[in-house]
Amino acid sequence: FKSNKYFRFNYHFSVECLTDSCMNLTIEHMSPEAVFVVWAKYVEGAEAILRKAGKDTNLHQLRQDIFERKLVFWEAMLDNTYCGFLTTRVDTMPTGLIMCSIIHLYIKPQTPEEVFLEGMKIMEDKATKSGCHCIRMWSMRDKAFTKRLEPLGWKQGYVEFIKPLSGGTHADIHNIGY
């Protein structure tokens, strides 16, 4: 895997328990080629995420962004059993701030709540070791994620206000992918 400006992660982290609950959770980077060999395994989760996302993306676009290395794909395993995935992107801001962005996050239904908490700590550790200054994520479900993330030291960064222009409606904005 060739390093480029989009990916500054070192993909060979040893995963250590970062919470008191200590579970056998691993989150490992997968190459685009490896993802596509078993893509069917991830489709259900990807579709679940995309149903709650804006209309600016779809399953084909997600797969293409992974293939083109615009997104890094991470698989989560609990006791050697697949329990979810996430995608990330690293952005360097004009000020030099390096941000790890979690773009997609899926945890299989019936997975213990602690997997989310442990997984976020693992990703924070990976981002820190890779030189990122902060980690961020977006969600249209801000209340649900605020409840989960605040105990981990996260704060809501900003609320986005949207005004349709040219006679459009708020529904139109969401239907075109904003």
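Everything below is about the structure shown above.
If you're wondering where the values come from, they're calculated on a predicted model, not measured in any experiment.

Draft legend 1. Quick peek at the pairing of strand β4 (residues 98-107). Within β4, seven of the ten residues are buried, leaving the element largely enclosed by the surrounding structure. Across nine bridges, the pairing between strand β3 (residues 81-92) and β4 is antiparallel. Bridging from a neighbouring strand, threonine 88 pairs with isoleucine 102 of β4. As consecutive antiparallel partners, β3 and β4 are separated by five residues, and within that stretch glycine 96 has a phi angle of approximately 95°, a positive value. The sheet contact formed by β4 and strand β5 (residues 134-137) spans four bridges and is parallel. Of the residues in β5, the one forming a bridge with methionine 99 is cysteine 134.

Draft legend 2. Main features of the nonpolar core. One finds Leu25, Ile27, Met120, Ile135, Met137, Leu149 and Trp154 to be the most contacted residues of the largest nonpolar core, which totals 25 residues. Contributing elements (two or more residues each) for this core: β1 (25-30), β2 (72-78), β3, β4, α4 (113-129), β5 and α5 (142-149). In terms of residue count, the dominant contributor to this core is α4 (six residues). Phe36, Ala46, Met77 and Tyr82 belong to the second-largest nonpolar core, a separate cluster that totals 17 residues.

Draft legend 3. Structural view of the sheet that holds β3. Here we have five strands laid out as an open sheet, ordered β1-β2-β3-β4-β5, and mixed in their pairing. Strands at the two margins of the open sheet, each flanked by one partner only, are β1 and β5. Averaged over neighbouring strand pairs, the angle between their axes works out to 30° when direction is ignored. As paired elements, β2 and β3 share seven bridges and run antiparallel to each other. Opposite alanine 76, over in β3, you have glycine 84 as the bridge partner. Its contacts with the sheet place α4 against β1, β2, β3, β4 and β5, and it is angled at close to 50° to β1.

Definitions and limits used
Residues numbered from 1 in each chain as written. Predicted model: local features only at pLDDT ≥ 70, side-chain atom pairs only at ≥ 80, totals over all residues. Heavy atoms only, no water. Buried < 20%, exposed > 50% of the residue type's maximum accessible area, 1.4 Å probe, protein only. Helix = DSSP H or I, 4+ residues; strand = E, 2+ residues; numbered from the N terminus. Pairing = 2+ DSSP bridges. Core = buried A, V, L, I, M, F, W, Y, C linked by side-chain atoms within 4.5 Å. Axes fitted to C-alpha atoms, helices over the stretch in contact; angles between N-to-C directions. Contact = heavy atoms within 4.5 Å.

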